[in-house]
Structure formats: C-alpha cells, structure tokens
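Below are the chains, spelled out letter by letter.
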Amino acid sequence: MTLPTPTLETERLLVRPFADADADDLFALNSDAHVLRYWDSPPWTDRASISRFMAGCERMAEDGTGARVAIDRASDGAFLGWCTFNSWDPDFRSASLGFCLTQAAWGQGYATEAARAVLQWAFDALDLNRVQAECDTRNAASARVLEKLGFVREGTLREDCIVNGDVSDSWVYGLLRRDWVA
C-alpha cells in the first residue's frame with residue numbers, strides 16, 4: 001500500500017513533498033552541528049547523504065510506512081526544515097512523528113504549526129490511534145512543541161543514544177486519537 005506524501009497549507013506554511021531543488025537547503029540543515037546537537041545521528045559530512053535521505057522519503061511513500069515533508073514559509077518560500085510521520089503500522093494503528101528546523105526558524109511556532117498539519121492529515125487519512133515521539137531530555141524546546149500539540153510524556157529511555165561518544169537520554173511522548181485536538 002502506498003501512502004502519497006501530502007501537500008498541506010497552513011496560515012504561514014507550505015508543507016510539501018521534497019524536490020531535487022531542496023538539496024542545498026537540506027544539506028545545510030542536516031550538516032549544522034548546532035541544530036543536530038540533540039539528534040540521534042551525527043551531522044552530515046558528505047553530500048551523498050542527500051540522495052540517501054531522498055531515497056528514504058520515496059521508500060516510505062512506496063511502502064506506505066510514512067511521509068517526510070519539507071516545510072516552507074508561505075510568504076517567501078524560504079526552506080525552514082522538515083517533518084516526518086513514519087513507522088506507520090496499520091495493525092497497531094500507530095506511527096511516529098519527528099521534526100527538524102533551521103536555527104533561524106526556532107522560537108516562532110513553525111514546528112508546532114507544521115507538525116499540527118501533518119498530524120491532522122494523518123488522523124484524517126488513516127485510522128490512526130496513537131502517535132509516538134521522542135526527544136533528547138536536554139531539548140526543552142522540542143519537548144514544549146510536543147506538549148503544545150497534546151503529547152503526554154510517558155517515560156524516559158535511559159542512555160538510549162550514543163552519538164560521537166556523547167551518551168544521552170530521551171523522553172518518550174504519546175498522543176492518542178481521543179486526546180487529539182485539531
């Protein structure tokens with residue numbers, strides 16, 4: 001079963017499938033060590049990562065396991081980052097959510113706005129019951145985004161990531177259909 005990648009519009013954003021023209025912006029974002037300091041993988045160091053990322057987007061759509069979308073500011077078309085809805089399991093009616101935005105986009109509500117649009121699409125398009133998200137326990141900003149969306153912190157995964165020798169814990173968040181407020 002394929003899962004077509006959506007194009008969504010919000011008050012300030014265009015959330016859309018990735019295109020080849022996004023390569024430079026995508027590399028700049030995912031190679032920024034400051035942006036990825038709480039990520040579960042190191043920053044990109046070679047441009048071959050772009051093609052692997054794009055192939056992953058296509059594979060998720062073809063396999064029906066998720067959608068990874070680019071986030072643009074509607075007013076000027078500026079690339080702000082990306083959001084992913086992945087690990088879709090129709091039997092369990094569950095999936096995961098993640099997002100990564102440029103440092104210039106932080107603190108302006110863009111992550112919340114984009115993730116809300118992706119979640120609304122997912123709840124509407126699929127018989128979704130649960131969405132899970134994880135964030136590094138040091139990443140207070142991402143935790144706030146998840147909580148604004150209605151996610152509930154359910155636990156801590158102790159020392160679950162080791163990136164470049166840095167050991168970190170992650171919080172696990174869950175959002176249930178019955179708690180979702182569009």
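Now for a look at the structure at hand.

Each value, and the rule that gives it
Residues numbered from 1 in each chain as written. Predicted model: local features only at pLDDT ≥ 70, side-chain atom pairs only at ≥ 80, totals over all residues. Heavy atoms only, no water. Buried < 20%, exposed > 50% of the residue type's maximum accessible area, 1.4 Å probe, protein only. Helix = DSSP H or I, 4+ residues; strand = E, 2+ residues; numbered from the N terminus. Arc of directions from axis to C-beta. Contact = heavy atoms within 4.5 Å. Phe/Tyr/Trp six-rings, centres within 6.5 Å; stacked < 30°, edge-to-face > 60°. Lys NZ or Arg CZ within 6 Å of the ring centre and 35° of its normal. 1 Å grid on protein atoms, 1.4 Å probe; cavity = no way out; pocket = protein on both sides within 12 Å on 5 of 7 lines; lining within 4 Å. Points joined across faces, edges and corners; volume = space filled by probe spheres on them. Nonpolar A, V, L, I, M, F, W, Y, C, P; charged D, E, K, R; others polar. Pairing = 2+ DSSP bridges. Salt bridge = Lys/Arg side-chain N within 4 Å of Asp/Glu carboxyl O.

Once that is clear, we can look at helix α1 (residues 23–30). Listed as buried for α1 are A23, L26, F27, L29 and N30. Buried residues of α1, viewed axially, fall in a sector of 165°; they line one side. At its buried positions, α1 is contacted by α2 (48–63), β4 (79–89) and β5 (94–101).

Right, let's get into the packing of aromatic side chains. On inspection of all chains with the given rule, the structure shows nine aromatic pairs. On the basis of an interplanar angle of 40° and a centroid distance of 6.4 Å, the ring pair of F27 and W44 is categorised as tilted. One end of the pair, F27, is in helix α1; the other, W44, is in the loop between α1 and α2, with 17 residues separating them in the sequence. The pair F27 / W44 is uniform in exposure class, with both members buried. Measuring from ring centre to ring centre gives 5.3 Å for F123 and W180, while their planes differ by 20°; the resulting arrangement is stacked. A residue pair is termed long-range when its members are at least 10 positions apart, and F123 in helix α3 (residues 110–125) and W180 in the segment after β8 (166–176) qualify at 57 residues. Accessibility classification places F123 together with W180 in one group, the buried group. Through successive ring pairs, a cluster of aromatic residues spans F18, F27, W39, W44, F53, F79 and W82. Here the basic side chain of R68 rests over the ring of F53, its NZ or CZ set 4.3 Å away from the ring centre. Across from the ring centre of W171, 3.6 Å away, lies the NZ or CZ of R153, which sits over that ring.

Attention now goes to the layout of surface pockets. Its volume calculated, the largest pocket comes out at about 1,200 Å³. Contributing to the lining of the largest pocket are 48 residues, with W39, F99, E134, N139 and S142 lying nearest its centre. Residue assignment for the lining of the largest pocket shows that the elements contributing at least two residues are β4, β5, α3, β6 (130–136), α4 (140–148), β7 (152–163) and β8. Here the element with the most residues in the lining of the largest pocket is α4; it accounts for seven residues. Broken down by class, the residue content of the lining of the largest pocket amounts to 23 nonpolar, 16 polar and nine charged.

This part covers the sheet that holds β4. Pairing is mixed across the open sheet formed by eight strands, whose spatial order is β1-β2-β3-β4-β5-β6-β8-β7. The open sheet has two edge strands, β1 (8–9) and β7, and neither has a second partner. Across seven bridges, β6 lies against β8 in antiparallel orientation. Opposite E134, over in β8, you have V172 as the bridge partner.

One side chain can pair with another of opposite charge once the charged atoms of both are near each other. For the structure shown, the criterion picks out eleven salt bridges. The partner of R153 in a salt bridge is E147, and the shortest N-O contact between them spans 3.7 Å. Here E147 falls in the partly exposed class, since its relative accessible area comes to 40%. Salt bridges linked by common partners bring R16, D22 and D72 together as one network.

What follows concerns unusual backbone geometry. The phi dihedral of S87 falls on the positive side, at around 60°, and the residue is not glycine. Mapped onto the fold, S87 is located in strand β4. Judged by its relative accessible area of 48%, S87 is partly exposed.

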